[in-house]
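Structure at a glance
Here is what each chain is made of, one letter per residue.
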Amino acid sequence: MALVSVRDYEKRAHEIIPRNALDYYRSGAGDELSLHLNRTGFDRLRIRPRMLQGGSTRDLSCTVFGQRFSMPIAISPTAMQRMAHPDGEVANAKAAATRQVLFTLSTISTSSIEQVAEATPNAPKWFQLYIYRDRQLTEELVRRAERAGFRAIVLTVDAPLFGLRRADMRNKFSLPPHLSMANFVGKAASIRSQGGSGINEYIAEQLDPTLSWDDVKWLLGFTKLPVIVKGILTREDAIIAADLGVQGIFVSNHGARQLDSVPASIEALPEIVAAVGGRVEIFLDGGITQGTDVFKALALGARMVFFGRPALWGLAVNGQAGVEHVLNILRNELDLTMALAGCKTLADITKEYVVHENHYSKL
């Protein structure tokens, strides 16, 4: 069967990835209500297309922090990608580089900061950061990312502990023995189950559960890179972050893997844009599977849209080429959506193009 959509790649990847890794990648927290909302949140939005706008081509390019990208679609940080394919994060980053889009490397990756940088020396990359109990270790991660040419630090703020991930508990999740936490070789390099979920046990031992806004101030105080806080879902937190001086806010519910019953990222986006959209860059991830999703997020105020799982599905199916094809699919779908909706540039995609389904029930 030809692979013509992200869903096609997802189905094929589910047949390839070993169960221990697959459940880690695809599962959500608790009863997975929020995981479901990440998808249905987009489904409840309607596009209002405009006709006869003229123009035979679209410009999908965008600029963020002075860097030009081919489209407003980028790759989110996802952990331990060598479980999906032997080339892991390196293949994912190289795919992003060939398509001139942004790649974000996870702290808990199976390819190191330096390996990814060496494989993509001139490509724009961001580094996702967890704050460890050992602040010296945390600062050294940032310094390594700076030296390796990463362009921003994405601080995850919604994970002082990891969420209730029942699939990992049932599987007693462990990182396969031939893989390691590449950024911590000789230190906290192993994720092995001690009876429950190995990843939750690792996080409980290594990360600082007392994470606070003071830690955001601390990070802003020593790095010269732009700092983006990832995991914001309320206007209150967005205002605090903007007041502290962060350069970006990632509207995200962590792939619905932290606290169940939180809103979908797309549901939380409008209030955050309204609160601080004129002060900081706003990004979104969670639930993106097709070009219409990207269009809707842009219309509601996101500067750039990120996805994690679709890149993993492409990686599992065909390595770097699989991720490149997934990016091609999403680009072509966004281009077609813009053409049929009557938008020639990203600036044309305004909030008037999208309404909630309830808009039509009131007519």
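Residues numbered from 1 in each chain as written. Predicted model: local features only at pLDDT ≥ 70, side-chain atom pairs only at ≥ 80, totals over all residues. Heavy atoms only, no water.

**Side note on the UniProt feature "binding site: FMN" (unreviewed entry) in the chain**
In the numbering used here, UniProt assigns the "binding site: FMN" (unreviewed entry) feature to P77, T78, A79, S106, Q128, Y130, T156, K230, S252, G308 and R309. Counting through the fold element by element, P77 comes out in the loop between β4 (73-75) and α4 (88-98). Ignoring anything within four residues of it in the chain, the contact list for P77 reads T104, L105, S106, Q128 and K230. Position of T78 relative to the elements: it lies in the loop between β4 and α4. (UniProt positions renumbered as here; feature names shortened; annotations may be inferred. Helix = DSSP H or I, 4+ residues; strand = E, 2+ residues; numbered from the N terminus. Contact = heavy atoms within 4.5 Å.)

**Some remarks on the nonpolar core**
Residues M80, I199 and I249 are the most contacted members of the largest nonpolar core, which totals 121 residues. Element by element, the count of residues in this core is highest for helix α13 (residues 309-341), at 13 residues. If we skip the residues at most four places from it in the chain, M80 touches Y24, Y25, E89, I108, S109, T110, F173, L175, M181, I191 and I199. (Core = buried A, V, L, I, M, F, W, Y, C linked by side-chain atoms within 4.5 Å. Buried < 20%, exposed > 50% of the residue type's maximum accessible area, 1.4 Å probe, protein only.)

**Section: the side chain of D285**
Mapped onto the fold, D285 is located in strand β10 (residues 281-285). Residue classification places D285 among the buried residues on the basis of a relative accessible area of 7%. Within the structure, D285 has its side chain in polar contact with the side chain of S252 (distance 2.6 Å). With residues near it in sequence (within four places) discarded, D285 still touches S76, K230, F250, V251, S252, S265 and F306. (Polar contact = N/O pair within 3.5 Å; in protein donor to acceptor, adjacent residues only side chain to side chain.)

**A short note on the packing of helix α1 (residues 6-16) against α13**
Where α1 meets α13, the axes come as close as 10 Å, and the angle between the chain directions of the two elements is 175°. One way to sum up the angle between α1 and α13 is to call them roughly antiparallel. Residues V6, Y9, E10, R12, A13, H14 and I16 of α1 form the contact with α13, whose own contacting residues are P310, W313, G314, A316, V317, G322, H325, V326, I329 and L330. Of the residues contributing to the contact of α1 with α13, the split by class is eleven nonpolar, four polar and two charged. (Axes fitted to C-alpha atoms, helices over the stretch in contact; angles between N-to-C directions. Parallel < 35°, antiparallel > 145°, perpendicular 65-115°, else oblique. Nonpolar A, V, L, I, M, F, W, Y, C, P; charged D, E, K, R; others polar.)

**Things to note about the side chain of S111**
Locating S111 in the fold gives a position in the loop between β5 (103-105) and α5 (113-119). Here S111 falls in the buried class, since its relative accessible area comes to 0%. Only 3.0 Å separates the side chain of S111 from the side chain of R82, close enough to count as a polar contact.

**As for the environment of I266**
Residue position: I266 is located in helix α11 (residues 265-276). The class of I266 is buried, set by a relative accessible area of 3%. Sequence separation of I266 and T57 is 209 residues, and the distance between their C-alpha atoms is 28 Å. Beyond its immediate stretch of four places on either side in the chain, I266 contacts G41, F42, L45, L284, A297 and L300.

**Quick word on helix α2 (residues 19-26)**
All of the buried residues in α2 are A21, L22, D23, Y24 and Y25. Elements in contact with the buried residues of α2: α1, α7 (166-171), α8 (198-206) and α13.

**Details of the UniProt feature "active site" (unreviewed entry) in the chain**
Residues annotated by UniProt as "active site" (unreviewed entry) correspond here to H254. Within the fold, H254 resides in the loop between β9 (248-251) and α11. The contacts of H254, once residues within four sequence positions are left out, are Y130, T156, D158, A159, R165 and K230. Engagement of the side chain of H254 in a polar contact is seen with the side chain of D158, the distance being 2.9 Å.

**Quick word on the pattern of salt bridges**
All told, the structure shown has 20 salt bridges when counted by the stated rule. Across the pair D335 and R58 runs a salt bridge whose closest N-O atoms are separated by 3.0 Å. Of this pair, D335 sits in helix α13 while R58 sits in the loop between β1 (45-47) and β2 (62-64), and the two are 277 residues apart along the sequence. The exposure class of D335 is partly exposed, given its relative accessible area of 22%. D214 is the salt-bridge partner of K217, the closest N and O atoms lying 3.7 Å from each other. Remark: D214 and K217 occur in helix α9 (residues 213-222); sequence separation between them is three residues, near one turn of the helix. Its relative accessible area of 46% is what places K217 among the partly exposed residues. The network of salt bridges with shared partners includes R19, D23 and R26. (Salt bridge = Lys/Arg side-chain N within 4 Å of Asp/Glu carboxyl O.)

**Details of the packing of aromatic side chains**
Scanning the model with the defined rule gives 14 aromatic pairs in all. Ring geometry for F283 versus F306: centroids 5.8 Å apart, planes at 75°, classification edge-to-face. Residue F283 is located in strand β10, and its partner F306 is located in strand β11 (residues 304-307); the two are separated by 23 residues in the primary sequence. For F283, a relative accessible area of 0% translates into the label buried. An aromatic cluster of three or more residues is present, and its members are F65, W126, F250, F283 and F306. Positioned above the aromatic ring of F250 is the side chain of K230, whose terminal nitrogen or guanidinium carbon lies 5.5 Å from the ring centre. (Phe/Tyr/Trp six-rings, centres within 6.5 Å; stacked < 30°, edge-to-face > 60°. Lys NZ or Arg CZ within 6 Å of the ring centre and 35° of its normal.)

**Examining the packing of helix α10 (residues 235-244) against α11**
The interhelical angle for the contact between α10 and α11, taken along N-to-C directions, is 35°, at an axis separation of 9 Å. Along this stretch, α10 crosses α11, giving a crossing that reads as right-handed. Note on element contacts: α11 touches α10 through E271, I272, A275 and V276, opposite R235, E236, A238, I239 and A242. (Left-handed = near helix turned anticlockwise from the far one by under 90°.)

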